[in-house]
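Listed below are the residues making up each chain.
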Amino acid sequence: MTQKEALDILKMGHNVFLTGSAGSGKTFLLNQYIDYLRKKKIGIGITASTGVAATHMNGVTIHSWSGMGIKDNLTDYDMQKLLKRRHLKKNFKKTKVLVIDEISMLHHFQLDMVDKICRAFKQKQEPFGGIQVILCGDFFQLPPVNREDDKVCFVNESDIWPNMNLKVCYLREQHRHGNDELTKVLNDIRTGSAGEQTQETLRKRCLSSNTGVTMTKLYTHNVDVDAINNVELGKLKGKPMLYTMVSRGNQKLVEILKKNCLASEQLILKEDALVMFVKNNFEENYVNGTLGKVVGFNGNGLPIVKTNRGKIIHVNHKNWTIEENGKVLAEITQLPLRLAWAITVHKSQGMTLDAAEIDLSKSFVEGMGYVALSRVRSLDGLKLVGLNNMALKVNEDVLELDKELKKRSGDARQNLNKLLVGKKGEEQKEFLDSIIEKTAEDKTSNNGKTYSVEEINKTYPAAYKKWTEDEEKELLNAFSGGMAIKSIAKSLGRQTGGIRSRLKKLGKIE
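No experiment lies behind these values; they were computed from the predicted model shown.

Novice: Any chance you could explain the overall build of the protein here in plain terms?
Specialist: Scanning the protein from terminus to terminus reveals 19 helices and 20 strands. The 510 residues of the protein split such that 52% are buried. Within the protein, contacts between residues at least 6 apart in sequence are counted, and of these 74% link residues at least 24 apart.

Novice: What's the story with the packing of helix α8 (residues 181-190) against helix α9 (residues 196-203) in this structure? I'm lost.
Specialist: When two helices pack together, their arrangement is given by the angle between the helix axes and the distance between those axes. Between α8 and α9, the least distance of the axes is 10 Å, while the angle of their chain directions is 140°. Compared by their axis directions, α8 and α9 come out oblique. The handedness of the crossing between α8 and α9 is left-handed. On α9, the residues that touch E181, V185 and D188 of α8 are T198, T201 and L202. Looking at the contact of α8 with α9 residue by residue, the class counts come to two nonpolar, two polar and two charged.

Novice: Before we go on, may I ask you to explain the packing of helix α5 (residues 76-83) against helix α7 (residues 108-122) in this structure?
Specialist: Relative orientation of the contacting elements α5 and α7 amounts to 50°, with a least axis distance of 11 Å. The orientation of α5 relative to α7 falls into the category oblique. When you trace α5 past α7, the crossing you get is right-handed. Contact with α5, carried on its side by M79, L82 and L83, involves K116, I117, A120 and F121 of α7 and no other residues of that element.

Novice: What is the right way to read the packing of aromatic side chains from this model?
Specialist: The geometry of two aromatic rings is summed up by the distance between their centres and the angle between their planes. Per the counting criterion, the structure on display carries nine aromatic pairs. Their ring planes at 15° and their centres at 6.0 Å tell us that Y33 and Y36 sit as a pair that is stacked. You can see Y33 and its partner Y36 sitting in helix α2 (residues 26-39), three residues apart, about one turn around the helix. For the pair formed by Y33 and Y36, the shared burial category is buried. Ring geometry for F277 and Y286: centres 4.1 Å apart, planes at 20°, overall stacked. F277 gets classed as buried once you look at its relative accessible area, which sits at 0%. A residue is classified by how much of its surface remains accessible, and Y286, at 3% relative accessible area, is buried. Each residue in the set F17, F139, F154 and W161 is aromatic and connected to the rest through ring pairs, giving one cluster. Seen from the ring of Y170, R172 lies directly overhead, with NZ or CZ sitting 5.5 Å from the centre. Above the ring of W467, the side-chain terminus of R494 is found at 4.1 Å from the ring centroid.

Novice: Would you mind showing me how to read the pairing of strand β7 (residues 216-219) here?
Specialist: The side chains of a regular strand alternate, first on one face of the sheet and then on the other. Side-chain alternation along β7 places T216 and L218 on a buried face and K217 and Y219 on a face that remains uncovered. Where β7 and strand β19 (residues 356-360) come together, three bridges link them in parallel fashion. Looking at the pairing, L218 lines up with I358 of β19. Relative to strand β18 (residues 342-344), β7 runs parallel, the two sharing three bridges. Looking at the pairing, K217 lines up with A342 of β18.

Conventions adopted
- Residues numbered from 1 in each chain as written.
- Predicted model: local features only at pLDDT ≥ 70, side-chain atom pairs only at ≥ 80, totals over all residues.
- Heavy atoms only, no water.
- Helix = DSSP H or I, 4+ residues; strand = E, 2+ residues; numbered from the N terminus.
- Buried < 20%, exposed > 50% of the residue type's maximum accessible area, 1.4 Å probe, protein only.
- Contact = heavy atoms within 4.5 Å.
- Axes fitted to C-alpha atoms, helices over the stretch in contact; angles between N-to-C directions.
- Parallel < 35°, antiparallel > 145°, perpendicular 65-115°, else oblique.
- Left-handed = near helix turned anticlockwise from the far one by under 90°.
- Nonpolar A, V, L, I, M, F, W, Y, C, P; charged D, E, K, R; others polar.
- Phe/Tyr/Trp six-rings, centres within 6.5 Å; stacked < 30°, edge-to-face > 60°.
- Lys NZ or Arg CZ within 6 Å of the ring centre and 35° of its normal.
- Pairing = 2+ DSSP bridges.

Take a look at the structure:
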């Protein structure tokens with residue numbers, strides 16, 4: 001699916017799973033849709049599963065936005081406390097669209113918790129209380145951080161996933177990698193066919209020295225990259241220049257920005273320091289991940305950076321913000337640079353690197369090698385210093401799911417094209433615009449009957465409550481005995497959709 005087709009589907013108000021390989025332009029497309037919503041003055045929650053990803057879009061983590069924090073479940077008492085929070089009430093009253101980026105790193109039960117919170121605040125029984133939900137990410141990338149020996153469960157295994165009526169938009173264009181050997185390596189990993197030939201291609205990069213090219217080292221483990229960077233900086237003889245971050249706004253939100261922004265509170269630079277840009281700015285010829293060296297300082301003491309591609313950039317201070325419905329709640333200001341001798345693979349997700357020295361000899365989770373290798377634009381920018389058996393592996397369940405997602409994306413594209421049969425050029429545009437405008441109007445209105453959680457529980461006493469082991473046994477016995485789903489739902493005090501979701505999760509129905 002093209003970006004234009006996906007954007008048209010988003011504008012029609014569907015719940016969407018936006019996916020595609022690394023470099024297919026998912027975040028770029030999200031920002032296009034966010035700009036469209038802002039112009040229409042439609043309330044939007046901009047979130048991501050991690051703080052680093054959230055800062056790419058001037059958003060917050062979904063944990064902070066929803067109020068669920070780091071909890072594994074929400075009790076009735078927890079829900080009562082959440083519903084009393086004024087800032088959450090205000091958020092949910094305005095929000096018509098919710099974006100969750102880097103969805104692969106969100107636990108399945110966390111998506112169910114967000115759904116529960118949205119329904120409670122919106123007082124509607126529809127999924128997420130009727131909010132349009134955009135899930136964005138790639139299941140081939142890093143999975144949720146699990147406790148030892150726990151099975152990795154992506155959000156597609158949540159109870160709410162099958163009830164969202166998701167339109168899948170699988171982006172197939174490539175904006176980071178060309179049609180070269182690296183693309184073949186990444187495709188081999190994504191299809192589970194990374195064999196001896198793939199490894200041989202990568203082993204050749206172990207012999208590459210990339211002489212004369214500044215490179216960032218990517219580590220699989222959370223080594224003290226700051227210490228490494230400071231040691232390397234200390235080897236340089238030039239005069240140190242200090243740049244201190246400035247902040248304003250809500251202090252708690254400021255602290256969140258500081259924690260999740262890759263820019264340092266105290267940045268010390270010297271001439272010849274290896275640096276990385278940590279913000280996108282296409283007008284000034286850099287993106288998040290652009291590498292270069294400090295070649296001097298201007299009359300105002302600001303650094304001048306020569307990128308690996310030979311561009312000279314006079315670096316100015318930039319802002320990172322947390323916004324809500326057009327209002328800036330918190331803001332930090334700093335140079336969009338960090339020292340770049342070393343960085344972790346986890347923090348590199350979402351970046352585009354011109355060159356990188358990558359050690360995958362200690363890869364410990366499926367998808368880690370794919371994330372690291374897909375950061376560079378081509379194999380010419382890669383020096384590999386280690387590779388283990390885990391590095392090229394991907395989750396077997398994801399391989400099967402990917403086939404389904406591609407099919408569903410094809411169906412969504414086909415349905416879009418059916419709408420446009422017989423219409424060409426300007427007529428096609430006008431037809432789509434009329435649908436999209438109506439959708440925008442509906443989002444800003446408050447039409448439709450609303451239901452409180454208490455009202456729903458009068459009919460379905462166990463609705464939205466966590467399943468117990470005894471309930472699951474009762475469900476399985478009833479289903480095995482031939483009882484109809486509608487009857488089981490009545491017996492257990494739950495909705496039929498919840499019964500079907502649980503049976504599917506237990507492997508009893510497709």
